[in-house]
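# A look at the structure
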Amino acid sequence: MSVFLLSMVKFFGGPLAGVSLGLSLGATMALTVAGMMTSVFIFSGIGTLFSKWYAEQQRQKQKPIFTKKNRRIVRVWQRFGMVGIAFLTPILLTPIIGTVVATVLGASQRHILVHMLWSAVFWGVTLTFLVSQVSTLNLPFLHR
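Please read these numbers as outputs of a predicted model, since none were measured by experiment.

What counts, and at which threshold
Within each chain, residue numbers correspond to sequence positions counted from 1 in written order. Where local features are concerned, this predicted model is filtered to residues with pLDDT of at least 70; where side-chain atom pairs are given and counted, the filter is 80 or more; whole-chain, interface and lining totals use all residues. Hydrogens and water molecules were not included; the side-chain quantities draw on all heavy atoms of the structure. UniProt positions are given in the numbering used here, feature names are shortened, and annotations may be inferred rather than shown by experiment. Elements are defined by DSSP. Helices are runs of H or I of four residues or more, strands are runs of E of two residues or more, and each kind is numbered from the N terminus. Patches were defined on residues exceeding 30% relative accessible area and lacking a salt bridge, with like-charge contacts within 9 Å and nonpolar side-chain contacts (Val, Leu, Ile, Met, Phe, Trp, Tyr) within 5 Å. Note on areas: Shrake-Rupley with a 1.4 Å probe; residue coverage comes only from the protein chains shown. Salt bridges are defined by distance alone: a side-chain nitrogen of Lys or Arg within 4 Å of a carboxyl oxygen of Asp or Glu. In this scheme, a residue with accessible area under 20% of its type's maximum is buried, one over 50% is exposed, and one in between is partly exposed, where area comes from a 1.4 Å probe on protein chains only. Two rings from Phe, Tyr or Trp (for Trp, the six-membered ring) form a pair when their centres are within 6.5 Å of each other. A pair whose planes differ by under 30 degrees is stacked, one over 60 is edge-to-face, and the rest are tilted. Side-chain atoms within 4.5 Å are what join buried Ala, Val, Leu, Ile, Met, Phe, Trp, Tyr and Cys residues into a set we call a nonpolar core. Contacts are residue-level and defined by heavy atoms, with any inter-residue pair within 4.5 Å sufficient.

### Overview of the UniProt feature "transmembrane region" (unreviewed entry) in the protein
Residues annotated in UniProt with the feature "transmembrane region" (unreviewed entry) correspond here to residues 36-55, 76-105 and 117-142. The span residues 36-55 is 100% helical and 0% strand by assignment, and the distance between its end C-alpha atoms comes to 24 Å. Here residues 76-105 is 77% helix and 0% strand, with 11 Å between the C-alpha atoms at its ends.

### A closer look at a nonpolar patch on the surface
The grouping of V83, F87, I91, L92, V114, W118 and F122 at the surface amounts to a nonpolar patch, some 590 Å² of accessible area in total. At the level of elements, α4 (68-88) and α6 (109-136) are the ones that each hand at least two residues to the nonpolar patch. The element contributing the most residues to the nonpolar patch is α6, with 3 residues. Structurally, L92 is set in the loop between α4 and α5 (95-104). Since its relative accessible area comes to 57%, L92 is described here as exposed.

### Details of the packing of aromatic side chains
Inspection of every chain in the model, using the stated rule, returns 3 aromatic pairs. Considering the side-chain rings of F87 and W123, the 5.2 Å spacing of their centres and the 55 degrees angle between planes classify their relative orientation as tilted. Taken together, the residues F87 in helix α4 and W123 in helix α6 connect sequence positions 36 residues apart. Take W123: its relative accessible area is 11%, and that puts it in the buried class. Members of the aromatic cluster, joined through ring pairs, are F87, F122 and W123.

### Let's talk about the nonpolar core
Residues M82, I85, I112 and M116 are the most contacted members of the largest nonpolar core, which totals 19 residues. Residues within four places of M116 in sequence aside, it is in contact with M36, M37, V40, M82, I85, A86, T89, G98 and T99.

Listed below in structure tokens is the structure:
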């Protein structure tokens, strides 16, 4: 359950938790992908509402809406579209933020789900494999 819940919020946490708990690679990958896709499904439906709430919170705190990070995200969208946002979501954004960004920038829920699914599978397999390989190394700082 912790692998699933971590993957809903911060994708990289799923493979770390799965490997550290001793789950099989298949179970870790499946729970990681399922966790991200649960967030994607939920927030693709309420992404616009969440975006408006977040913008209002930023206004109340008198923080700028167009930050350097936001401008970079828009640049990725303009250059690569939904494919770029989906590719970067698990490693640089979170499943929630990536989905809200895609929703706000006008992607349909169907496109969001399809692109986030291949991205979750690709990064789930890649990160789970990498974390499992690093965990088998005999590095002193890993075994404290």
